[in-house]
Amino acid sequence: MPEVVIDNPELARQFEPYAEAHIPGARNLRVVQMRRIHGGASRQTYSVDIAYEDATGPKTKGVILRRDPADSLIDTERRVEFAAIRTAHGKAGIPAPEALFLETDTGPLGAPFFVMGRIEGGMPLNPFQIDAVEPHRAEVGREFFRHLGAIASLEIDGTPIAEEIETPAPDQCWKRELDYWANEIRTNAREPQPVAEAAIRYLAANPPPPAQKLSLVHGDFRSGNFLHDGQGRINAVLDWEMAHIGDPYEDLAWATDLLWCGNDQERAAGFIPWPDAIAVWQEASGCSFDPAAFEWWSLFAHLKGLGIWITSARAFADGKNDDPILAWSGWFTHAAHELMLASRLAPKFGVKL
Amino acid sequence: MSDVGMILQRLGATLVNEVAPKLEGDYSGGHASMAGLMAVMAGEMWEKEADLLVNEIGRMKALLAAAGIGEAEPHIESFLISDLKAMRNELAMQLIELQASLEAKDDEGSKALNTQIWGHLLATCAGRMPSPPAFGAAGEGEG
């Protein structure tokens, strides 16, 4: 018999009446398992098993509870994340979880939260240990770029995400993102950031082409944010907290950022050869690959990374969140992205490598 | 015993290889792994931080002096890491302003000095890049 674990008994007690009230016809609902799980530094994430009865008899269900912490990696509204999941769930074969409840009031659980259906039978892939996916590297890679393209292919008019946030003009996607992350960096940096500042100036002075289309942008699509079944199939795309509407190249560039490639520059995202990845993405997204757009957005991906890691470091240093992942992100991954930016920008200004 | 680098290296290895596996399945297991990895990184940085800062200060002083800002000599009065960082940060702010002003100019001298600044930035980033983490027991921590 499996061990019963309730990592947070008080939270479980608070969650029981809430869930019972929000599942139609449910009664005698109880939490039978609640484990806090990793991969959720931006929100406290719990895997929860509930048992209840309804008119048809006893039921069990696995859900994921995402509750806002005192601080998080990213200051985003859970309402947008919830809307993004609703937009993608069940569309174009994208394995997004089912969005169940959203609660923006702090009353029921002490902080805003939302609940998703749990996708069973998947395992995460550490972006720093991509070899662990063998012998299914190529199959997972093709799934990875197919889902990435599928997200970009969705029509956004009238979708939950389009009702929740503004849709930028095609020629303003880059500026909105650059302004946002420049502000995050300048607001949260604990030390001067000469490389980031130089990158901001360079990107502003050399904008990309307008977006070929406006799409749902996952915002953090990469190794580490999906589950796979160990047989070459991706069965969950997770962590939608940075989702927005914008240029599909933002996702393509972030997903293939060198940080997530296991230092493998020959294979896109560390999975499959670049031409294969681009072909799969083009077919699934309906976009055509434009090297100039990719060049800008891939430089921007390094800068966006700096913005995330600087925000992480600030949250840790200020004592708002003691999760060591924030300190590690603020140090190691910050250093990695800063070196990538400097290595790519320095030659543009005459430095011979 | 004040061999800080060695002590942190050993503490980190203990956390990653001994403590974290015993906490597998518990959220704190991930914390132990990450703390262990960072102890190793801290030991590495403890050894080289003063050297990095003194070199960064020296290079920035020289770059600013080449633009007529201040003297090239560093004149370092305190080698406390916190004092060196404060000095480095002040110079870095000046360097950001200088570089932005150079980018707005089109003469060869400005371009050449900007190239030198980029050389300094690249060297600084390369010097500060920690050794790759020895993931293993710490595998589930990234998020």
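Everything here concerns the structure above.
Residues numbered from 1 in each chain as written. Chains lettered and ligands numbered in written order. Predicted model: local features only at pLDDT ≥ 70, side-chain atom pairs only at ≥ 80, totals over all residues. Heavy atoms only, no water.

Draft legend 1. Here's a closer look at the interface of chain A and chain B. Every contact between the two is made by 40 residues of chain A and, on the other side, 41 residues of chain B. Of the roughly 3800 Å² buried between chain A and chain B on both sides combined, carbon and sulfur atoms contribute 70%. Of all residues in chain A, A:His38, A:Trp328 and A:Trp331 bury the most surface against chain B, accounting for 19% of the area lost on that side. Connecting chain A to chain B are three salt bridges. Residues A:Glu191 and B:Lys85 are paired through a salt bridge, measuring 4.0 Å at the closest nitrogen-oxygen approach. Along the contact surface separating chain A from chain B lie six residue pairs in polar contact (both at pLDDT 80 or more). (Contact = heavy atoms within 4.5 Å. Buried area = accessible area lost by both parts, 1.4 Å probe. Salt bridge = Lys/Arg side-chain N within 4 Å of Asp/Glu carboxyl O. Polar contact = N/O pair within 3.5 Å; in protein donor to acceptor, adjacent residues only side chain to side chain.)

Draft legend 2. Quick look at the sheet that holds strand E2 (residues 44-54) of chain A. Residue and element names in this part refer to chain A. With antiparallel pairing, five strands are arranged side by side in an open sheet as E1-E2-E3-E5-E4. Of all strands in the sheet, those with a lone pairing partner are strand E1 (27-36) and strand E4 (99-103), marking the two edges. Across the sheet, the mean angle from the axis of one strand to that of its neighbour is 25 degrees, orientation sign disregarded. Pairing geometry for E2 and strand E3 (residues 57-67), over eleven bridges, is antiparallel. Following the sheet pairing, Tyr 52 is matched in E3 by Lys 59. (Pairing = 2+ DSSP bridges. Helix = DSSP H or I, 4+ residues; strand = E, 2+ residues; numbered from the N terminus. Axes fitted to C-alpha atoms, helices over the stretch in contact; angles between N-to-C directions.)

Draft legend 3. Inspection of the packing of helix H1 (residues 4-22) of chain B against helix H2 (residues 27-66) of chain B at higher detail. Residues and elements named next belong to chain B. Interaxial distance between H1 and H2 falls to 8 Å at its minimum, and their mutual angle equals 160 degrees. Here H1 lies roughly antiparallel to H2, going by the angle between them. In this structure, H1 meets H2 at a crossing whose hand is left-handed. From H1, Val 4, Gly 5, Leu 8, Gln 9, Gly 12, Ala 13, Leu 15, Val 16, Val 19 and Ala 20 reach across to H2, where they touch Gly 29, Ala 32, Ser 33, Ala 35, Gly 36, Leu 37, Ala 39, Val 40, Ala 42, Gly 43 and Trp 46. Partitioned by chemical class, the residues of the contact of H1 with H2 number 14 nonpolar, seven polar and no charged. (Parallel < 35°, antiparallel > 145°, perpendicular 65-115°, else oblique. Left-handed = near helix turned anticlockwise from the far one by under 90°. Nonpolar A, V, L, I, M, F, W, Y, C, P; charged D, E, K, R; others polar.)

Any functional reading would require information beyond the geometric quantities listed.
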